[in-house]
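# Overview (structure and organization)
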Amino acid sequence: MALSSVLRGESAEFYNNQPFAFGCGSGPSSVGYGSTAGDSLSFQVKSAFGPEEDDGSEKKIEFLHGTTTLAFKFQHGVIVAVDSRATAGSYIASQTVKKVIEINPYLLGTMAGGAADCSFWERLLARQCRIYELRNKERISVAAASKLLANMVYQYKGMGLSMGTMVCGWDKRGPGLYYVDSEGNRVCGDLFAVGSGSMYAYGVMDSGLRHDLTVEEACDLGRRAIYHATYRDAYSGGQVNLYRVHSEGWERVSEDNVLLLHERLSDSERAAE
Amino acid sequence: MEYLIGIQGPDFVLVAADNVAASSIIQMKHDYDKMFKLSEKILLLCVGEAGDTVQFAEYIQKNVQLYKMRNGYELSPAAAANFTRKNLADYLRSRTPYHVNLLLAGYDEADGPGLYYMDYLSALAKAPFAAHGYGAFLTLRFILNLPSFTVRLIDKDGIHDMERLPLASK
């Protein structure tokens, strides 16, 4: 089966640090490259939770659990809205992180958890999606793409990967939205919010979401939900990056600084009074 | 916390599972289906660790379907239950045990209805009624209640969807 051979290929590359991984030579001793397991090509997953181990160069991996990302389906597609703050403890490391990963022109992925984990695995997913397209002469469905990602990270379950992502796209069944995480969850749904600010985002979204929103209303709802999350959650902030996925692919709708949004929203409230 | 229940009748098996897919304290989905159709008259209900449930259940599902393709006839519910238990047992003392609790319900032409209880330690018991989880969630007064259930019936004519059961409002 096409997909099973794809998956076998993925795990083989990363489990076997063969000295002859360069692809020439029939046996380990015949090639003479002499690479060992400690080579720079090793893909051993380092434990994220052991800075106190023997190896003094063990760096603490920066996790983006402090974040707010959301995505929801409506009649005109999928809206994806994210914040852009990265924190290391109580230090704000960056206010301009790109938390939406462009997998291909019609699939988007969001980033929460380990930044490296998200961007690496989603880039690998992009490669698998392209291979699928070439083999089958048709675009991969959102369900299949999310299943590929879920199966890839399932093989590393319990080894310290941290990834909570939403795979969003449009395929022949219409708008598609899947939540996939490093625990092994893969769920299809109409609305997801991930990260420390997700609770606040759910509150705004649950009260405003309807299937028949216009594009403008939907974008505004997503923007407001992220804004409210950044207002109350210390670990979310920066800008609200908004994307929309429609039948032709995705488009970047807007990037709004939350402080300016705050002024705009409180001005309009004052005007309404 | 998830809940499964199965009841064997004289010529049917009735099974129900809650519809919540949760990630720690957040309910990600309220209409999630935990039943996997192994064949026309066998259902596997699966709860447990995230990821393990779907991966294990789909593995069993595909293998049962493969048996049918290779041999021309389906595995009986008893055979499917024992196959499932064997897989659980084989993986139990490996580096990747599956932490899943299962109910397998089926109707066999010769033996009639059957309900099998399996847990993550690969215990297997054929029982007239069985459940996994904390059933007190069915009551309104428990602090963490489960809002709705998927209910299905298996008899000689196959698998039938019953109405999705919401908790009665006051």
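- Identification of chain B as Proteasome subunit beta from Denticeps clupeoides is taken from an unreviewed UniProt entry.

- As recorded in an unreviewed UniProt entry, chain A goes by Proteasome subunit beta and comes from Denticeps clupeoides.
- Per its UniProt entry, chain A bears the Catalytic activity (unreviewed entry) comment "Cleavage of peptide bonds with very broad specificity."

### A word on helix H6 (residues 215–232) of chain A
- Under the 1.5 Å per step criterion, the end-to-end length of H6(A) is 26 Å for 18 residues, consistent within 8% with the ideal 26 Å.
- Looking at the buried positions of H6(A), the neighbouring elements they touch are strand E2 (69–74), strand E3 (77–82), helix H5 (198–208), strand E13 (239–246), strand E14 (249–257) and helix H7 (258–272) of chain A.

### Quick word on the interface of chain B and chain A
- Taken together, the 13 residues of chain B in the interface contact 16 residues of chain A.
- Between chain B and chain A the total buried area reaches about 1,200 Å² when both faces are included, carbon and sulfur atoms providing 54% of it.
- Summed over the shared surface of chain B and chain A, the result is two salt bridges.
- Here A:Lys157 and B:Glu49 are joined by a salt bridge, their closest N and O atoms 3.0 Å apart.
- Inspection of the region where chain B meets chain A yields seven residue pairs in polar contact (both at pLDDT 80 or more).
- Broken down by secondary-structure element, the contributors of at least two residues to the side of chain B that touches chain A are strand E4 (26–29) and helix H1 (52–71) of chain B.
- When residues in the side of chain B that touches chain A are grouped by element, the largest group, four residues, is from H1(B).
- Considered class by class, the residues forming the side of chain B that touches chain A number six nonpolar, three polar and four charged.

### Looking at the pattern of salt bridges
- Going through the model one piece at a time under the given rule, you end up with 24 salt bridges over all chains.
- B:Arg152 is the partner of B:Asp161 in a salt bridge, and the nearest nitrogen-oxygen pair spans 2.3 Å.
- Exposure remark for B:Asp161: the relative accessible area of 56% places this residue in the exposed category.
- We classify B:Arg152 as buried; its relative accessible area is 13%.
- Three or more residues are tied together by salt bridges with common partners; here these are A:Arg210, A:Asp212 and A:Glu217.

### Here's the deal with the side chain of B:Thr150
Residue and element names in this part refer to chain B.
- For Thr150, the position within the fold is in strand E11 (residues 148–155).
- The exposure class assigned to Thr150 is buried, which follows from its relative accessible area of 9%.
- At 2.5 Å, the side chain of Thr150 and the side chain of Asn19 are in polar contact.
- In this structure Thr150 touches Val15, Ala16, Ala17, Asn19, Asp33, Met35 and Arg164, once residues within four positions along its chain are discounted.

### Notes on the UniProt feature "active site" (unreviewed entry) in chain A
Residues and elements named next belong to chain A.
- As recorded in UniProt, the sites labelled "active site" (unreviewed entry) are Thr67.
- With respect to the helices, strands and loops of the structure, Thr67 is situated in the loop between strand E1 (63–64) and E2.
- With relative accessibility at 0%, the residue Thr67 sits in the buried group.
- Here Thr67 is in contact with Asp83, Lys99, Met111, Ala112, Val194, Gly195, Ser196, Gly197, Asp233, Tyr235 and Ser236, once residues within four sequence places are set aside.
- A polar side-chain atom of Thr67 sits 2.7 Å from a polar atom in the side chain of Lys99.

### What to know about H7(A)
- Helix length check: H7(A), at 15 residues, gives a terminal C-alpha distance of 21 Å against a target of 21 Å (1.5 Å per residue), a fit within 8%.
- The N-cap of H7(A), judged by a side-chain oxygen 2.9 Å from the amide nitrogen of A:Leu259 a few residues on, is A:Asn257.

About the cut-offs
- Residues numbered from 1 in each chain as written.
- Chains lettered and ligands numbered in written order.
- Predicted model: local features only at pLDDT ≥ 70, side-chain atom pairs only at ≥ 80, totals over all residues.
- Heavy atoms only, no water.
- UniProt positions renumbered as here; feature names shortened; annotations may be inferred.
- Helix = DSSP H or I, 4+ residues; strand = E, 2+ residues; numbered from the N terminus.
- Expected span 1.5 Å × (residues − 1).
- Contact = heavy atoms within 4.5 Å.
- Buried area = accessible area lost by both parts, 1.4 Å probe.
- Salt bridge = Lys/Arg side-chain N within 4 Å of Asp/Glu carboxyl O.
- Polar contact = N/O pair within 3.5 Å; in protein donor to acceptor, adjacent residues only side chain to side chain.
- Nonpolar A, V, L, I, M, F, W, Y, C, P; charged D, E, K, R; others polar.
- Buried < 20%, exposed > 50% of the residue type's maximum accessible area, 1.4 Å probe, protein only.

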